[in-house]
Amino acid sequence: TTYRVRCAHLDLAELRGVLAVFEDTTDMQQADQMRRDFVANVSHELRTPLTALSGFIETLQGPARDDPAARDRFLGIMGREADRMNRLVKDLLSLSHVEAQERMRPNDPVDLADLLRATRRSLTQLAERNEVIFDEALPEEPVIISGDPDQLRQVFTNLIENAIKYGGRGCTVGLSVDGPAPGLGLRGDAVRATVSDDGPGIETLHIPRLTERFYRVDSHRSREMGGTGLGLAIVKHIINRHRGRMRIDSAPGQGSRFSVILPYDSGRSGRSGPPA
Ligand code: ADP
């Protein structure tokens, strides 16, 4: 624990002495350290593609100037590096946007089952390229919650993209929605949307750190897959904004399951009858 001590001399008519105020600054120092680490990480992530780009520009201006085959290859790599910078800047902007809104609870009606179906449809091409099969267990009837549809869509896009990318070629990605029910880890009724895969799974020691910015289990693989290391950090902030929580169950050889648990407001729903 660190303290900041502020002192003042007191010299009142009937009282003379020193006033000392001890202020616990541990949180402030930790926040400062996190900010510095974040800036260092962003600089590093941007410098890697930038260094590659300047290297290839030099080569194209010099040794490769008259070699059309090399020029085409280098231009291809430069395009991919520029794409990587674009993705990073896009994710940084999303993160700062979501962080700025974290205190404002979103309040639009969102049908969670429909949202998962639509998100899965938008990722059909990526799934086909990776020979991934979807196994959907989504209710036909609407499951309406209060939320921000665009941000929730981003949550499930990130989770399904990760399941496809890290689950590996030929894996099965499961999508399900259950509830509303009490006792899902939130006070009151909640609904749960789950994205799972039967891929290689994640070692226990990494699981609590997955939602940290730029944390990756295997940096090389993540970069190769086009990852920025910010996907799950964005997911966590969006879920916080919805007053929900995320649960990650995974073990090596057992696949991974990411469950998003969100508060259910019965007044919102068009659905009646007992919980599913
Ligand atoms: P990235 O941009 O690297 O994909 P994320 O924040 O989305 O960043 O994920 C952080 C890390 O969590 C990934 O680099 C990967 O190592 C791991 N991860 C995420 N989802 C899965 C999954 N379904 N299976 C195995 N590992 C995963």
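My aim in this report is to walk through the structure given alongside it, one point at a time. (Residues numbered from 1 in each chain as written. Predicted model: local features only at pLDDT ≥ 70, side-chain atom pairs only at ≥ 80, totals over all residues. Heavy atoms only, no water.)

Tallied over the full model, the rule gives 15 salt bridges. Put simply, E99 and R213 hold a salt bridge, and the shortest N to O gap is 2.2 Å. Taken together, the positions of E99 in helix 2 (residues 68-101) and R213 in the loop between strand 7 (189-197) and helix 6 (219-224) put the pair 114 residues apart, joining distant regions of the chain. Since its relative accessible area comes to 29%, R213 is described here as partly exposed. A single network of salt bridges, built from pairs that share partners, joins R4, R6 and E23. (Salt bridge = Lys/Arg side-chain N within 4 Å of Asp/Glu carboxyl O. Helix = DSSP H or I, 4+ residues; strand = E, 2+ residues; numbered from the N terminus. Buried < 20%, exposed > 50% of the residue type's maximum accessible area, 1.4 Å probe, protein only.)

All right, on to the sheet that holds strand 6 (residues 172-182) then. Across the sheet, which stays open at both edges, the five strands sit in the order 4-6-7-9-8 with mixed pairing between neighbours. Edge positions in the sheet fall to strand 4 (133-137) and strand 8 (245-250), since each of these pairs with one other strand and no more. On average, adjacent strands in this sheet sit at an angle of 15° to one another, irrespective of strand direction. In terms of strand pairing, strand 7 meets strand 9 (residues 256-263) through eight bridges, oriented antiparallel. The residue of strand 9 that forms the bridge with D197 is S256. (Pairing = 2+ DSSP bridges. Axes fitted to C-alpha atoms, helices over the stretch in contact; angles between N-to-C directions.)

On to the site of the ligand. Around the ligand lies a shell of 19 residues, among which Y166, S222, T228, G229 and L232 are the nearest. Residue Y166 places a side-chain N or O atom 2.6 Å away from an oxygen atom belonging to the ligand. Within the backbone of L232, an N or O atom sits 2.8 Å from an oxygen atom of the ligand. Burial of the ligand by the surrounding chains reaches 95%, relative to a free accessible area of 530 Å². Among the cavities detected, the one that contains the ligand is the largest pocket. Counting residues per element, the ones that place at least two in the shell around the ligand are helix 5 (149-167), helix 7 (231-241) and strand 9. Looking at the shell around the ligand, the element that brings in the most residues is helix 5, giving four residues. (Near = heavy atom within 4 Å. Polar contact = N/O pair within 3.5 Å; in protein donor to acceptor, adjacent residues only side chain to side chain. Areas by Shrake-Rupley, 256 points an atom, 1.4 Å probe, with all protein chains shown as cover. 1 Å grid on protein atoms, 1.4 Å probe; cavity = no way out; pocket = protein on both sides within 12 Å on 5 of 7 lines; lining within 4 Å. Sits in = over half its atoms within 2 Å of the grid points.)

Right, let's talk about the environment of S146 for a bit. Within the secondary structure layout, S146 lies in strand 5 (residues 144-147). Looking at S146, the relative accessible area reads 15%, which means it is buried. Taking the C-alpha atoms as reference points, S146 and I248, 102 residues apart in sequence, are found 23 Å from one another.

Our focus in this paragraph is empty space enclosed by the protein. For the coordinates displayed, the defined rule picks out one cavity of 30 Å³ or more. Lining of the largest cavity is provided by E45, P49, R84, M85, L88, R216, R223, G227 and T228. Contributions of two or more residues to the lining of the largest cavity are made by helix 1 (26-61) and helix 2. When residues in the lining of the largest cavity are grouped by element, the largest group, three residues, is from helix 2. Its residues assigned to classes, the lining of the largest cavity comprises three nonpolar, two polar and four charged. (Points joined across faces, edges and corners; volume = space filled by probe spheres on them. Nonpolar A, V, L, I, M, F, W, Y, C, P; charged D, E, K, R; others polar.)

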